[in-house]
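These are the residues of each chain, in order.
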Amino acid sequence: MDAVLVPFLEATIRTATPLAFAALGELVAERAGVINLGLEGTIVVGCLGAAVGAAAGGVGLGFAGAAGAGLAMSALFAYFVVALRTDQIITGAAFTMLGLGLTGTIARSYFGIGDAATSIPTIGPVSVPVLASMPLLGAPLFRQPVVTYLLYAAVPILAWWMARTRGGLALRAVGESPAAAAAAGIPTVAVRWGAILFSGLMGGLCGGTLVLAQVGSFNEGMSAGRGFIAIAVVVLGRWSPFGTAGAALLFGGAFALQYLFQALALDLPYQLFLALPYVMTLVLLAALRGRAAAPENLGR
Amino acid sequence: MSVAPALALRGISKQLGSTRALEDAHCTVRVGTVHALLGENGAGKTTLMRIAFGALEPDAGSVALHGATRRFHSSRDAIAAGIGMVHQHFMLVPAFTVTENVALGSRRRFNATQVAARIRALGVETGLAANPDARVRDLAVGAQQRVEVLKALANGAQVLILDEPTAVLSPAESEDLYRWIRRFVSDGGTVVLITHRLAEALAVADDVTVLRRGRTVLAQSRSSVDERTLVEALGGDAAPVALRPGVRPVDAEADIVFALEHVDVVDARGVARLRDASLTVRRGEVLGVIGVENSGQRELLRVLAGRLEPSAGRVTRPARVGFVPEDRLADALIPTMSLTENLVLADAGIQRGVIPWAERESEARAVISAHEVVATGPRSPVAILSGGNQQKFVVGRERAVSPAALVAENPTRGLDLRASARVLAAIAAAADEHRGAAVVFSSDLDEILGLTSRIVACHGGRVTEVPAPADRLDRAPYTRALLGLGA
Amino acid sequence: MDALVALWDGAFGSAFAFWSATLVRATPLLFVGLAVAVAFRAGVLNIGAEGQLLIGAVFASAVALALSGAPRVVMIPLMLAGGMAGGALWSGIAAVLRRRFGVLEVISTIMLNFVALAVVSWVVRGPLQEPTRIYPQTVTFVEAARWPFLVPGQRLHLGFVLGIIAALALWFVLARTAAGFRVRAVGAGPRAAQSAGGVDADRLTFRVFLLSGALAGAAGASEVGGVTWALYEGLSPGYGYTAIAVALLARLDPRAVIASAILFGALEAGGAGMQRDAGVPAVAVQVVIAMILLAVLAATRRRMSLSDGA
């Protein structure tokens, strides 16, 4: 059984990692009252940034490129929704189109016609001594790229920061009741800018992880809906860091089922597995009843 | 006499959009006093105090705190300087705990344990008790107000600005608040009380400043003014309009317009909002409804207006009832649409087929002229009208929909005296000459007393009639009824 | 510069470019643009026109394949009806999720777009696959299921006329009728529409959601019936997403959607020309579309706020 289960769990964590990056960023933006539907575009721009950076100067520059590209996209998004106060949903949709269109155009001129980019340096898994040799969960949890370990630390830190610090308090207040936050002297505009930039940084890193720790090349549209799923992950995670991380794992599992069922050689149409994560989202959202725990001022 | 004033505002001017909100206004608040800031709606009281609190920057003029001139760029500066403000609409985050709300305004690092301890200590010190772990959204209005005050005090406020603090309180809660204010002041604190209630100002203030159309028209100590001087300063020519005090007696033989028999309303969360309510309203009658917040009056009015299905009981009412809800911009009007479209809105649910727009436009024109709505025409969007004109249009429309049955909820909220008088007269006219009946809720008892023939009180979802006292202006029975204390 | 010339040539450079490329691509955009416009008018944030279009195409194809012996006058209306039913079914899922379970339609419709892609992928390899089972597509439709061309020698087909009729009808309903007024009122002021107007906003938005899906489904029927004559993957280059830009540039006015759809049709057609003649990838057109959308948003600011209805 381990021969099937360990690869499945390993694939779960691997698939969940980029998703969790994007979702944690989205979580922070949403707690400030901003729904970033442009996340999909941010991620794919991050992918390209990673590929270009890594091709030019190795993995380090790759991650820097991913982060920088994500930040640039989200800064522009913030300018629209915070400074110009445009509708968040539609602006987000436009940014997704912008990201997909821009990366497609640039990639073809940069890497030439065709999808597959030249091969670029990637990072491999690093085993944590002792822990990685635990049965069953050892390898899936502790034989992963360094970025995954970063995430293990990021979740509790984010949870602590949101619940226990002045900054976290200010973030949540802006998302719940900007008027009350402003009356308490909190610079609401700056908080929203900061939250959106953070979501851009994390969205960019999601792209970076995809390219540099998993795929090893840039493909057009390789974000493949992760930005949208990340938004659903935040809803399923009830707007909490641990919940979001858990929901990301659930999705990782749903994607990884493909491998499990392939391994078990079941005769089911593979499109069922393509659709499964999305159907699962709908079912879970219905079961959890919508926006009960959503920040009061989300989307406004 | 060498003590500098706690707060001195001089030569303050402020333009807000197209209106001159303040023009060379001044106000000097002595340390250790209660200072009443009086004025009609729109006189500039709140704007002036928002400037003192750093939420707005003045176009001209100076703010001095304990003798030193200060420039506040945000509320944060004012809070740090020892000013606290309790806004009329509370500035609390409902999803937060009391602790989190108190910590929000603080400049210190957030330490929940310390903040909670501070809240408990302040509770003992000042008598303003609050459970630090309670969620604000679960608290009653009075308790939320205490949290607002605690928030200001926890941040070291010595000058406390209270904006219409009793608007949401029951008479007993108001008394408690006054007592607390006096105690705070006698311990060396300073309070600015923004109010439009004369009696309140006269009862608790040491000094009085009156604003009128953005200018300071009176600044004296309480002992040197009487009610008449204040009334004159407040409104001058537009001094309180006396509503016909001789309200018609109820004709027990007249036809029944509204009747409720044992009506219950249970909300979506399963909470009983209205319990076993029974009443009748006959032709020619204006029924007054009183009640503090969340007492069931909201549901009572909506059942009568046909906007809410009761969970049990029998309701008799005309097929169509005009309804003037409290929040007109959300519940009665669509601001982006034209007056004509907003007229059509009243029939939206029942209309079929093609709308005869030209016809409806002349109807809108008729409402505009009959109710003296100041607007450029039936095609102008509602959003550009003043609040008073919006409300006149709503009342006019609802009377057109149903000339003989009208339900109104706080119909004069946010209106100046002149517009209030017109709106109330239009509502009362629904019952004139025994044509029909009106039901009016108001949180202003005087308004109810001046307008209605009979009064019911809501308390805890129960509706009871308040027998008219021998002296019509004796308020005691109503105050008792608001608290659910029976006659 | 070469790219711009190629873009222009691809859209307007010749009679063929205009009638057979620009207007042919404007046709689905017209339907999905109307779908988005009517939904947004009612405050329904339907981002799922793409999925509804695809399911509409599946249903219309199923009709075409099932009734292969039927005459054209029966076939075409049934294909259209099938497409609209498919689109309405797909948006209906999101509508039920919103009404019964409070699921935000922004998220559910996007998820359903991905599910629709999987559905198309499955039917062209499963139940509707051509008999040799080699290619992932259906057989080419019979003659009767191919929608007639409007201009001899050009590829512009019946769907365009139907789209224009739909736009004018929708405009009339919204501007002149009580039902249309209810839609506008619920979108602009949901609470006032319920309290002052007695409109059942939940039921109304539910129906508008279905209508929106049906219009998007009509786009799918029109594509398989008028352009491809078969169902395969990659049928839509993202018309359902472009639709948002089409509707917003038209300021949600159905009459203006006609012009707006033709403009974006020209962009899509020109993008293909640009790739062919100047080697600039067609995806660059998406950048242009996104920029137009952002320019519209920046120009209208809060006036076109949809999410809070104010």
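Every value quoted in this text rests on a predicted model; they were computed, and no experiment measured them. (Residues numbered from 1 in each chain as written. Chains lettered and ligands numbered in written order. Predicted model: local features only at pLDDT ≥ 70, side-chain atom pairs only at ≥ 80, totals over all residues.)

1. Quick notes on the overall build of chain B
Just so we agree on the cut-off: Helix and strand assignments follow DSSP, with helices taken as H or I runs no shorter than four residues and strands as E runs no shorter than two, numbered in order from the N terminus. For the radius of gyration, the atoms used are the C-alpha atoms, and the globule rule reads 2.2 Å times the number of residues raised to 0.38. Whether a residue is buried, exposed or partly exposed follows from its count of other C-beta atoms within 10 Å of its own C-beta, namely 20 or more, 12 or fewer, or something in between, respectively; the C-beta atoms are built from the backbone. Contact criterion: two residues are in contact if their C-beta atoms, reconstructed from the backbone, are within 7 Å.
What chain B contains, in helices and strands, is 16 helices and 19 strands. Taking 23 Å as the expected radius of gyration for a compact globule of 487 residues, we find that chain B reaches 24 Å, a close match to that expectation. With respect to the three principal axes, the spread of C-alpha positions in chain B is 70 × 50 × 45 Å. Out of the 487 residues in chain B, the part that is buried amounts to 46%. Taking the contacts inside chain B whose residues are at least 6 apart along the sequence as the reference set, 68% of them involve residues at least 24 apart.

2. Some remarks on the overall build of chain A
The helix and strand inventory of chain A stands at 11 helices and two strands. Going residue by residue from the N terminus, the α and β elements of chain A occur as α-α-α-β-α-β-α-α-α-α-α-α-α. Looking at chain A residue by residue over its 300 residues, the buried ones come to 55%. The long-range share in chain A, meaning contacts at least 24 apart out of those at least 6 apart in sequence, stands at 78%.

3. Side note on the interface of chain B and chain C
Spelled out, the test is: Think of it as three bins: nonpolar holds Ala, Val, Leu, Ile, Met, Phe, Trp, Tyr, Cys and Pro, charged holds Asp, Glu, Lys and Arg, and polar takes everything else, Gly as well.
Listed by partner, the interface residues are 20 residues for chain B and 16 residues for chain C. Among the secondary structure elements, those contributing two or more residues to the side of chain B that touches chain C are helix 10 (328–332) and helix 11 (339–345) of chain B. The element best represented in the side of chain B that touches chain C is helix 10 of chain B, accounting for three residues. Here the side of chain B that touches chain C is composed, by residue class, of 13 nonpolar, four polar and three charged.

4. Focus: unusual backbone geometry
Residues and elements named next belong to chain B. Phi is positive for H66, which is not a glycine, with a value near 50°. Tracing the sequence through the fold places H66 in the loop between strand 4 (60–65) and strand 5 (68–70). Among the residues examined, H66 registers 17 C-beta atoms within 10 Å and is labelled partly exposed. Phi is positive for E372, close to 50°, though the residue is something other than glycine.

5. A closer look at the nonpolar core
In plain terms, the rule: To count as a nonpolar core, a set of buried Ala, Val, Leu, Ile, Met, Phe, Trp, Tyr and Cys residues must be joined through C-beta atoms within 7 Å.
Formed by 363 residues in total, the largest nonpolar core has its most connected members in V233 of chain A, I427 and A438 of chain B together with V32, A35, A243 and A247 of chain C. Top element by residues in this core is helix 2 (residues 39–83) of chain A. It accounts for 22 residues.

6. A short note on the interface of chain A and chain C
Counting residues at the interface gives 40 residues for chain A, matched by 39 residues for chain C. Listed by contribution, the elements that provide at least two residues to the side of chain A that touches chain C are helix 3 (88–111), helix 9 (226–236) and helix 11 (270–288) of chain A. Per-element accounting of the side of chain A that touches chain C gives the leading share, 14 residues, to helix 3 of chain A. Of the residues in the side of chain A that touches chain C, the class split is 23 nonpolar, 11 polar and six charged.

7. Details of the packing of helix 5 (residues 146–164) of chain A against helix 6 (residues 166–176) of chain A
All names here are of chain A. What counts here: For every element, the axis is a line fit to its C-alpha atoms; helices are fit only across the contacting stretch, and the angle between N-to-C directions ranges from 0 to 180 degrees. In this scheme, roughly parallel covers angles under 35 degrees and roughly antiparallel covers those over 145, while 65 to 115 is roughly perpendicular and the rest are oblique.
Direction vectors running N to C along helix 5 and helix 6 enclose 75°, while the axes themselves pass 5 Å from each other. With respect to helix 6, the axis of helix 5 lies roughly perpendicular. Seen from helix 5, the contacting residues are W161, M162, A163 and R164; seen from helix 6, they are G167, G168, L171 and R172. Within the contact of helix 5 with helix 6, the residues separate by chemical class into four nonpolar, two polar and two charged.

8. A short note on the confidence of the model for chain B
Residue and element names in this part refer to chain B. Where we set the bar: The quantity known as pLDDT measures the predictor's confidence residue by residue, on a range of 0 to 100.
The predicted model of chain B averages 86 in pLDDT, with 92% of residues at 70 or higher. Helix 11 holds the highest mean pLDDT among the elements of chain B, 96, whereas helix 16 (residues 476–482) holds the lowest, 71. Per-residue pLDDT stays below 50 along residues 237–246; that stretch engages in 13 contacts with residues further than four places along the chain or on separate chains. At the level of chain-chain contacts, confidence expressed as ipTM amounts to 0.89, with global pTM at 0.87.

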